[in-house]
Amino acid sequence: MNNKNKIFYALSTLVLLMHSKMAMASVDETVNDVFSWATGWFVGLIFAPLPGTSFPWIVLWLVVGASVFTLYFGFIQFRAVGHSIALVKGDYTNPRDAGEVSHFQALATALSGTVGLGNIAGVAVAVSIGGAGATFWMILAGLLGMASKFAECTLGVKYRNEYSDGTVSGGPMYYISKGFKERGLPGGKLLAVMFAIFCILGSLGGGNMFQANQAHAQISGIVGDYPGWITGLIFAAIVFAVIVGGIKSIARVTEKVVPFMGVMYVLAALVILLMNADKIGWAFGQIFEGAFTGLGIAGGFVGALIQGFKRAAFSNEAGVGSAAIAHSAVKTNEPVTEGFVSLLEPFIDTVLICTMTALVIIITGQLMTDPATGLYMLGENGRILTADGSSGVALTSAAFGSAFSWFPYVLAVAVVLFAFSTMISWSYYGLKAWTYLFGEGKSKELTYKVMFCIFIVIGAAANLGPVIDFSDAAIFAMAVVNIIGLYFLLPIIKRELNSYLSRLKTGEIVKFKGATAK
Amino acid sequence: MSNILIVGLDGSESGSRALAYAKRLASLIPDCTLELVYVIEWTPYSFQTPEENASRHKRREQEIAVATSRVIDPAIAALHSEGFTANGRVMHGDAAELLNLVAVEEKADQIVVARSSRGGITSRLFGSVTANLVMNASVPVTVVN
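Residues numbered from 1 in each chain as written. Chains lettered and ligands numbered in written order. Predicted model: local features only at pLDDT ≥ 70, side-chain atom pairs only at ≥ 80, totals over all residues. Heavy atoms only, no water.

### A word on the overall build of chain A
Across its full length, chain A carries 21 helices and 2 strands. For chain A, whose C-alpha radius of gyration is 22 Å, the value lies close to the compact-globule estimate of 24 Å for 518 residues. For chain A, the spread of C-alpha atoms along the three principal axes comes to 65 × 60 × 55 Å. Relative to its full complement of 518 residues, chain A shows a buried share of 58%. In chain A, 82% of the contacts between residues at least 6 apart in sequence involve partners at least 24 apart. By element, 68% of the accessible surface of chain A is carried by carbon and sulfur atoms, the whole surface being about 19800 Å². The positive charge centre, built from 32 side chains, and the negative charge centre, built from 28, are 11 Å apart in chain A. (Helix = DSSP H or I, 4+ residues; strand = E, 2+ residues; numbered from the N terminus. Rg over C-alpha atoms; globule rule 2.2 N^0.38 Å. Buried < 20%, exposed > 50% of the residue type's maximum accessible area, 1.4 Å probe, protein only. Contact = heavy atoms within 4.5 Å. Areas by Shrake-Rupley, 256 points an atom, 1.4 Å probe, with all protein chains shown as cover. Lys, Arg positive; Asp, Glu negative; His and termini not counted. Charge placed at Lys NZ, Arg CZ, Asp CG, Glu CD.)

Right under this line is the structure:
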């Protein structure tokens, strides 16, 4: 009863707020203006170019981080894949732990937080600015990112908090503060607090507004244009019902439909690729050529590289630290096993799914090229002209739609569900950061959750530009702090890894499946 | 060495039928121990929200506590008062697989289960617990109607 009242009041206040502003200007415009004014400085700081270049320092930061982890752990992402898959299958899971969170479940939960709009809309943005070549850098970033995930998720499990009531909380804020203390390093608490603040911003940006924004773009693309705040209100109401009202059935249905949608998306992409099998070679040619020449895009090959890395990071969140929160609930006595499992995430998310999207956009000829020179035709804003002038999720939709006319409808449903499940995941990540800062408690948690819902409306009403910039900035800010933390904690991960691998070799760590086979 | 009978319970009326039959068998077999097994259906390959994962351990403990206090403990108390030797356990997983696993571990002579009360389309497609158990078990299985 109480909850219902709260829901009613929150929503009616929101509607009133919207209504009063309508008199002055269109709500969407107002929200948009205020939004870009409020977040511009932050975006500028995060994406500041390296002196004398157009290369944003943050992209270099992520790439260097992922490369350092890759080298430090001796290309763990290639060495450990077989073992990772065995862990996900449950080969090393003690049957006595049945009923706890399995490796598969932790991976699936983390994946449903990352597979989503980044794979559909983000990739479209990447190739429409960076050209086909962006795909190459995206794949490379995905492969390198596997090592970042390995590092952060190992620590996430190792330093999680296990409470007396049987629940767990983990994530960079915990491993940075505890790990630094263990190593006798100063500043752990400060970094942890900074991470938590950025995580809250990220949960409102990329984990929320970007999703609402793109979901609205998709729906309005099908039913016709209408104000974004309407979509926002509907989304906010449903998310509110789940995270505040505790209506688990909605979340449960979504969590079951999302993987199905993901598989269907990949299958549809594969069918389109098969239908155009003769062009696959050409598409890869475009990808490789564009990766190093840019094929005439604004900013040349550096432009392709920046877009590829940026979108990959935004899609798979490697180095961002969010996955460490999701993975930390797993049942295992060996933290490094969850590291092994989590490194599959960027592979599935970026190397497989994002590449599918990119290939479909390229192969269906969405990017306009000059027949005379073979170079891309650019619009006034420096973006590549697309077949029907669309960008973001609409571009992906047009690409799939050119093969199957009905696919945009399926994609619209998928986008809405992906957006929703990503929001649910990020509402949890943000909440964990929030409770890390302010402590646990019903009213504190409610404050965050209501704020989260309000931002859904703002995100749906704002234009793509400012929202996408802020989403990126907030999420990358998390990576700044997280990767600093990871650098200092690397020896701890290495110790865990070496100890585990040697025990695996001596047979101290046993396989359970197969041993008790019938 | 004791003779061991595994009895599958599910807290329903069919579980009681299995137990009633197992008691009759046990009274005919000298030195017989009844091992009661309650399986909470669970799969490691499901999809869950982060919040569900975070409280999973707590939930699991609650599920085990409820099954133990409502089904296993009363059954064992009743068996003891009637002079039978009996143990019990609650497990998560696939019922057919776990009943067999316990039977192998305990070197049991037989598994006693009742025909599942549930039917319908899923059991037609994927087979019921009982059918799977009968097909795959390593020890004799008695299915009580």
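### Quick notes on the overall build of chain B
Within chain B, the secondary structure is distributed over 6 helices and 5 strands. Counted from the first residue to the last, chain B has its helices and strands arranged as β-α-β-α-α-β-α-β-α-α-β. The C-alpha radius of gyration computed for chain B amounts to 16 Å, which stays within 12% of the reference 15 Å derived for 145 residues, consistent with globular compactness. Viewed in the frame of its principal axes, chain B has a C-alpha envelope of about 50 × 30 × 25 Å. Burial status across chain B gives 43% buried among its 145 residues. Within chain B, residue pairs in contact and separated by at least 24 positions form 76% of the contacts whose partners lie at least 6 positions apart. Working note: accessible area of chain B is about 7500 Å², and carbon and sulfur atoms make up 54% of it.

### As for the interface of chain A and chain B
Listed per partner, the contact involves 30 residues of chain A and 24 residues of chain B. When the two sides are added together, the surface that chain A and chain B hide from each other amounts to roughly 2600 Å², 58% of it contributed by carbon and sulfur. Across the chain A-chain B interface, the total number found is 2 salt bridges. E100(A) is the partner of R60(B) in a salt bridge, and the nearest nitrogen-oxygen pair spans 3.3 Å. Elements that contribute at least two residues to the side of chain A that touches chain B include exactly α5 (81-89), α6 (103-114), α12 (248-275) and α19 (407-438) of chain A. In terms of residue class, the side of chain A that touches chain B is built from 11 nonpolar, 9 polar and 10 charged. (Buried area = accessible area lost by both parts, 1.4 Å probe. Salt bridge = Lys/Arg side-chain N within 4 Å of Asp/Glu carboxyl O. Nonpolar A, V, L, I, M, F, W, Y, C, P; charged D, E, K, R; others polar.)

### Brief notes about a nonpolar patch on the surface
All names here are of chain A. Taken together, I222, V223, W406 and Y409 make up a surface patch of nonpolar side chains, about 440 Å² in accessible area. Topologically, V223 is positioned in helix α10 (residues 188-223). Under the relative-accessibility criterion, V223 is labelled exposed at 60%. (Patch = residues over 30% accessible without salt bridge, like charges linked within 9 Å, V, L, I, M, F, W, Y side chains within 5 Å.)

### Here we look at the sheet that holds strand β1 (residues 3-9) of chain B
All names here are of chain B. Strand order across the open sheet formed by 5 strands is β3-β2-β1-β4-β5, with parallel pairing between neighbours. Each edge of the open sheet is held by one strand with a lone partner, namely β3 (85-93) and β5 (141-144). Taking each pair of neighbouring strands and ignoring which way they run, the sheet shows an average axis angle of 25 degrees. Relative to strand β2 (residues 32-41), β1 runs parallel, the two sharing 7 bridges. Following the sheet pairing, G8 is matched in β2 by V37. Across the face of the sheet, helix α3 (residues 56-81) comes into contact with β1, β2 and β3 while running at roughly 155 degrees to β3. (Pairing = 2+ DSSP bridges. Axes fitted to C-alpha atoms, helices over the stretch in contact; angles between N-to-C directions.)

### Some words on the nonpolar core
Grouped together as the largest cluster of nonpolar side chains are 157 residues, with contacts concentrated most on F73(A), I76(A), F150(A) and F340(A). Setting aside residues no more than four positions away along its own chain, F340(A) makes contact with I76(A), A80(A), H83(A), S84(A), L87(A), F150(A), L497(A), Y500(A) and L501(A). Formed by 25 residues, the second largest nonpolar core is a distinct cluster that contains L5(B), A26(B), L36(B) and A86(B). (Core = buried A, V, L, I, M, F, W, Y, C linked by side-chain atoms within 4.5 Å.)

### What about the packing of aromatic side chains?
Two measures describe an aromatic ring pair: the distance that separates the ring centres and the angle between the ring planes. All names here are of chain A. As enumerated under the stated definition, the model contains 29 aromatic pairs over all chains in all. With centroids separated by 6.4 Å and ring planes inclined at 45 degrees, the aromatic side chains of W137 and F301 adopt a geometry described as tilted. Residue W137 is found in helix α8 (residues 133-158), and its partner F301 is found in helix α14 (residues 300-316); the two are separated by 164 residues along the sequence. For W137, a relative accessible area of 9% puts it in the buried group. Between the aromatic rings of F400 and F407, the centroid separation amounts to 4.7 Å while the plane-to-plane angle is 20 degrees, which identifies the pairing as stacked. The structure contains a cluster of three or more aromatic residues connected by ring pairs, namely F136, W137, F288, F292, F301 and F309. Looking at K158, its charged tip hangs above the ring of Y159, at a distance of 5.5 Å from the centre. (Phe/Tyr/Trp six-rings, centres within 6.5 Å; stacked < 30°, edge-to-face > 60°. Lys NZ or Arg CZ within 6 Å of the ring centre and 35° of its normal.)

### Quick notes on α19(A)
Because each turn of an α-helix spans 3.6 residues, side chains separated by three or four positions in sequence point in the same direction. All names here are of chain A. In this model, α19 (32 residues) spans 45 Å end to end at C-alpha, consistent with the 46 Å of a helix rising 1.5 Å per residue. Most of α19 sits out of view: 27 of its 32 residues are buried. Looking one or two places after α19, you find G439, whose phi comes out positive at around 90 degrees. (Expected span 1.5 Å × (residues − 1).)

### Focus on the packing of helix α7 (residues 117-130) of chain A against α8(A)
Residue and element names in this part refer to chain A. At a minimum axis distance of 8 Å, the contact between α7 and α8 shows a crossing angle of 130 degrees. The orientation of α7 relative to α8 falls into the category oblique. Contacts between α7 and α8 involve V123, A126, V127 and G130 from the former and G133, A134, T135 and M138 from the latter. Here the residues of the contact of α7 with α8 are counted per class, giving 5 nonpolar, 3 polar and no charged. (Parallel < 35°, antiparallel > 145°, perpendicular 65-115°, else oblique.)

### Considerations on the packing of helix α17 (residues 344-363) of chain A against helix α18 (residues 393-401) of chain A
All names here are of chain A. Viewed as axis vectors pointing N to C, α17 and α18 meet at an angle of 65 degrees, and their least axial separation amounts to 9 Å. Considering their axes alone, α17 and α18 lie roughly perpendicular with respect to each other. Remark: the crossing between α17 and α18 carries left-handed chirality. Contact residues: α17 offers T357, V360 and I361, while α18 offers L395, T396, A399 and F400. (Left-handed = near helix turned anticlockwise from the far one by under 90°.)

### Some words on the environment of M194(A)
Mapped onto the elements of the fold, M194(A) is located in helix α10. Along the backbone, M194(A) and A433(A) are 239 residues apart, and their C-alpha atoms lie at a distance of 9.9 Å.

### Things to note about unusual backbone geometry
Even without glycine at this site, F75(A) takes up a positive phi of about 55 degrees. Of note, D31(B) is a non-glycine position whose phi angle comes to about 50 degrees, a positive value. Examined against the element boundaries, D31(B) turns out to sit in the loop between α1 (13-28) and β2.

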